[in-house]
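Listed below, chain by chain, are the residues.
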Amino acid sequence: MQIRFLRQSGPSYAAKQGRTPAIQRDAEQKAQSAMTDGFVSQLQQQAKRDAQRGVYMDGAAIQLQRAQMRQFVSPDRAGPIGQTTALLQQAARQKDPMLELLDNLLNQCSGKIQSSPQGQTAELYAPNGEIIASYNSLGSGWTEIQTKAEQKFLSAAAIVYAQAFREARAEQKAARVPSLASSEDSSAEFRA
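Residues numbered from 1 in each chain as written. Predicted model: local features only at pLDDT ≥ 70, side-chain atom pairs only at ≥ 80, totals over all residues. Heavy atoms only, no water.

Asker: Teacher, can you tell me more about the confidence of the model for the protein chain here?
Answerer: When pLDDT drops low, the exact placement of atoms in the prediction is not to be read closely. On average, residues of the protein chain score 80 in pLDDT, and 74% of them are at 70 or above. Per-element confidence in the protein chain ranges from a low mean pLDDT of 42 for strand 1 (residues 2-5) to a high of 96 for helix 3 (residues 37-53). When the criterion is pLDDT under 50, residues 1-9 qualifies, and its contacts beyond four places in sequence or with other chains add up to 32 contacts. (pLDDT = per-residue confidence, 0-100. Helix = DSSP H or I, 4+ residues; strand = E, 2+ residues; numbered from the N terminus. Contact = heavy atoms within 4.5 Å.)

Asker: Quick question: what am I supposed to make of the nonpolar core here?
Answerer: One recurring pattern in soluble globular proteins is that nonpolar side chains are buried together. Met35, Phe39, Leu43, Val73, Phe153 and Tyr161 are the most contacted members of the largest nonpolar core, which totals 23 residues. The element contributing the most residues to this core is helix 6 (residues 148-176), with 10 residues. In contact with Met35, not counting residues within four places along its chain, are Val40, Phe153, Ala156, Ala157 and Val160. Listed in part, the 6 residues of the second largest apolar core include Leu124, Ala126, Ile132 and Ala133. (Core = buried A, V, L, I, M, F, W, Y, C linked by side-chain atoms within 4.5 Å. Buried < 20%, exposed > 50% of the residue type's maximum accessible area, 1.4 Å probe, protein only.)

Asker: Can you help me understand the pairing of strand 2 (residues 110-116) in this one?
Answerer: In regular strands, side chains alternate between the two faces of the sheet. Among the 7 residues that make up strand 2, 5 are buried, leaving the element largely enclosed by the rest of the structure. Examined bridge by bridge, strand 2 and strand 3 (residues 119-125) share 7 bridges and lie antiparallel to one another. Counted as the bridge partner of Ser116 is Gly119 from strand 3. Linking strand 2 to strand 3, which pair antiparallel, is a turn of 2 residues. (Pairing = 2+ DSSP bridges.)

Here it is in structure tokens:
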């Protein structure tokens, strides 16, 4: 049995992979708008703290990035995943389920459910057609799939962090290297 709740044409393969020009433009805009001055400053300060401790990309930096991404870039996954999980559980309890689901039930997302005695699978798509999550009952459960916007944001955040970390490490290194002018004895005596 296969249950579908896709729009008439469904998302194309290019849309699922985030390769359409519209998805690429939207991803770039979302990633850039999430790189606020406040966030960049917080990330740079975290990079400096990490550099002082000698640890690159500590958990606090990762949490900072993830929180910013969830707030400004990531699509809503929790609602559609919860609704789809309920449908999958319903399908598992019924021998011949007749399920109908309108697009707006999933907050403008769409998806595909397949249920058989061997197991169940599901895919959820953002309104632009890009795949955002998949489900497999044979072990992996739900897997969130990064969108192009999320990938672009994390890439931009990593560049900001790496630059701030390198600068902080260079400052530390420069502070540790004694200058020749400040050394007490800069002469040496040799005998042959």
